[in-house]
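Chain by chain, the residues:
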Amino acid sequence: MRFYLISDNVDTQMGMRLAGIDGVVVHEHAEVRDALLAAMEEKDIAVILITEKLVRLCGELVYDLKLNHKSPLIVEIPDRHATSNITENISKYIESAIGLKL
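Conventions and cut-offs
- Residues numbered from 1 in each chain as written.
- Predicted model: local features only at pLDDT ≥ 70, side-chain atom pairs only at ≥ 80, totals over all residues.
- Heavy atoms only, no water.
- Helix = DSSP H or I, 4+ residues; strand = E, 2+ residues; numbered from the N terminus.
- Buried < 20%, exposed > 50% of the residue type's maximum accessible area, 1.4 Å probe, protein only.
- Contact = heavy atoms within 4.5 Å.
- Areas by Shrake-Rupley, 256 points an atom, 1.4 Å probe, with all protein chains shown as cover.
- Pairing = 2+ DSSP bridges.
- Axes fitted to C-alpha atoms, helices over the stretch in contact; angles between N-to-C directions.

Concerning the overall build of the chain
Move 1: Scanning the chain from N- to C-terminus turns up five helices and four strands.
Move 2: Starting at the N terminus and walking to the C terminus, you meet the elements of the chain as β-α-β-α-β-α-α-β-α.
Move 3: Counting only residues that meet the buried cut, the chain has 32% of its 102 residues in that class.
Move 4: Taking as baseline every contact in the chain between residues at least 6 positions apart, the subset at least 24 positions apart corresponds to 63%.
Move 5: Summed over its atoms, the accessible surface of the chain is roughly 6800 Å², and 56% of this surface lies on carbon and sulfur atoms.

In structure tokens form, the structure reads like this:
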């Protein structure tokens, strides 16, 4: 089983390649759709990593695939231009899950 990256920039792809993760760089809605659907068909891909910019571009498709397919797991990741605050999001999740404020 392996990871696969769908990214909107070469920097993220190169960083992931250094970690042994293959992937593709796409920019348009149709390219994202094609890359996601092709990755979903690969039986040896366990986790698809997709940058948050592409999730915003094709959110409806991504969430539909997440809800209607058991595998592979689709994980949204920040890229170097991340707009979300991961630490804040994790803290909110922990607080809501167990009632502990960090």
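There is more to say after this.
Describing unusual backbone geometry
Move 1: A cis amide bond links Ser71 with the next residue in sequence, Pro72, at an omega value of -5 degrees.
Move 2: Relative to the helices and strands, Pro72 resides in the loop between helix 4 (59–68) and strand 4 (73–77).

Quick look at the sheet that holds strand 4
Move 1: Here four strands make up an open sheet; going across it, the order is 2-1-3-4 and the pairing parallel. Pairing within the sheet leaves two strands with one partner each, and these edge strands are strand 2 (22–25) and strand 4. Neighbour-to-neighbour, the strand axes of this sheet turn through a mean angle of 20 degrees, independent of strand direction.
Move 2: Judged from the four bridges that link them, strand 1 (residues 2–7) and strand 2 form a sheet pairing that is parallel. Paired with Leu5 across the two strands is Gly23, which belongs to strand 2.

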